[in-house]
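One-letter residues, chain by chain:
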Amino acid sequence: MKGGQRDAEFRPELYDEISPGYYDLVYQRGRGTQWFWHHHRFGVVTEGLPAAVGRIIDLGCGPGTFLGNLKTPFEHALGIDLAAPQIAYAQSRYRRTGLEFRVGDVTVLDPGQRFNAAVSIEVVEHLRPEDTQGFFSTLYDLLEPGGTLVLTTPNYRSFWPLLEWLVSKIGPVDYREQHINPFDRGRLRREAERAGFVDVRCQTFFVIAPFLASLSGALAEFVLRWERRLLPWLGAELALYARKPV
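Everything quoted here is computed from the prediction, not taken from an experiment.

Below, the discussion takes up the overall build of the protein chain. Across its full length, the protein chain carries eleven helices and seven strands. Against the compact-globule benchmark of 18 Å for 246 residues, the protein chain has a radius of gyration of 17 Å, which places it among compact chains. With respect to the principal axes defined by its C-alpha atoms, the protein chain has extents near 45 × 40 × 40 Å. Counting across all 246 residues of the protein chain, residues that qualify as buried make up 52%. Accessible surface, the protein chain as shown: approximately 11400 Å² in total, 55% of it carbon and sulfur.

See the structure below:
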């Protein structure tokens, strides 16, 4: 690793190896550590959105789980992902009025269509470091003036690197090959501000609560509430909230 960046190249073929709908099926279980992690991550993202988003885009939408289950009212929602099998799954699984999924590279989108809100959930860590600022600029250009950005990514100034190593050893996905662009709170904030975003806030979430979910969902929920109050900077995940100036 050099200068906070890993010595690795972006390999798009890795994402076609993931079973279509894998993460969506995890979410549909409704229980367990992985479900808890996804469910409450989506909750943290939704917290940063306006009460009604109008037009929203999800960059790196995977199998469409976030938009497909979004309770916040919208007029039009668009999910973009590089992995065609995941988009095909999303198109088949989630069919709602105003909801659309397309195959596309999130780093080279044409901002001909504008949105009131943009979300990007666990995507920026998969990009080449040199593409980071271009990605943030794309997000900025896609938003209407006053539009909202919510973005999540792992926090590499936490226990996340250890967790990533462990999950990669025992699970079906090697995140060490995919996560080539690590962030901490300071770097994430700087990249957003450099792209022109204002009102930038960055918080962390998840310390031990998700790992208790396999024992007791109620206990995990209780611990998560207190973690967010008492340990706001120690979480394994980062959530960025920002706005495009009017």
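The subject of this paragraph is the nonpolar core. Most often, soluble globular proteins have nonpolar side chains that are buried together. F36, L49, I56, F66, L67 and F101 are the most contacted members of the largest nonpolar core, which has 39 residues in total. By residue number, the principal contributor to this core is helix α3 (residues 32-47), which donates six residues. Here F66 is in contact with F42, V45, T46, L49, D58, V119 and I121, once residues within four sequence places are set aside. Counting residues in each nonpolar core, the second largest holds 27 residues, with V123, F136, L238 and A242 among its members.

The subject of this paragraph is the pattern of salt bridges. Overall, the coordinates contain twelve salt bridges when judged by the stated rule. Across the salt bridge formed by R41 and E122, the nearest N and O atoms sit 3.6 Å from each other. Placement of R41 in helix α3 and of E122 in the loop between β4 (115-121) and α6 (132-142) is noted, with a sequence separation of 81 residues between them. Residue class for E122 comes out buried when judged on its relative accessible area of 13%. The shortest N-O distance in the salt bridge between D131 and R128 comes to 2.9 Å. The partly exposed category is assigned to D131, whose relative accessible area is 21%. Relative accessible area serves as the criterion here: at 32%, R128 is assigned to the partly exposed category.

This part is about the environment of L238. If you trace the backbone, L238 turns up in strand β7 (residues 237-243). The class of L238 is buried, set by a relative accessible area of 0%. Considering only alpha carbons, one finds L238 and Q203, 35 residues apart in sequence, at a separation of 5.7 Å.

Let us now look at the layout of surface pockets. Looking at the largest pocket, its volume works out to about 1200 Å³. Y23, E122, H126, Y175 and Q178 are, among the 48 residues lining the largest pocket, the residues nearest its centre. For the lining of the largest pocket, the element with the highest residue contribution is α3, accounting for six residues. For the lining of the largest pocket, the per-class residue count stands at 24 nonpolar, 14 polar and ten charged. Estimated volume of the second largest pocket: approximately 210 Å³. Around the second largest pocket, the lining residues are Y27, H39, F42, G43, T46, T65, F66, N69, L70, K71 and T72. Of all the secondary-structure elements, those providing two or more residues to the lining of the second largest pocket are α3 and α4 (65-68). With four residues, the top contributor of residues to the lining of the second largest pocket is α3. When grouped by side-chain class, the residues that make up the lining of the second largest pocket number four nonpolar, six polar and one charged.

So, how was this worked out
Residues numbered from 1 in each chain as written. Predicted model: local features only at pLDDT ≥ 70, side-chain atom pairs only at ≥ 80, totals over all residues. Heavy atoms only, no water. Helix = DSSP H or I, 4+ residues; strand = E, 2+ residues; numbered from the N terminus. Rg over C-alpha atoms; globule rule 2.2 N^0.38 Å. Buried < 20%, exposed > 50% of the residue type's maximum accessible area, 1.4 Å probe, protein only. Areas by Shrake-Rupley, 256 points an atom, 1.4 Å probe, with all protein chains shown as cover. Core = buried A, V, L, I, M, F, W, Y, C linked by side-chain atoms within 4.5 Å. Contact = heavy atoms within 4.5 Å. Salt bridge = Lys/Arg side-chain N within 4 Å of Asp/Glu carboxyl O. 1 Å grid on protein atoms, 1.4 Å probe; cavity = no way out; pocket = protein on both sides within 12 Å on 5 of 7 lines; lining within 4 Å. Points joined across faces, edges and corners; volume = space filled by probe spheres on them. Nonpolar A, V, L, I, M, F, W, Y, C, P; charged D, E, K, R; others polar.

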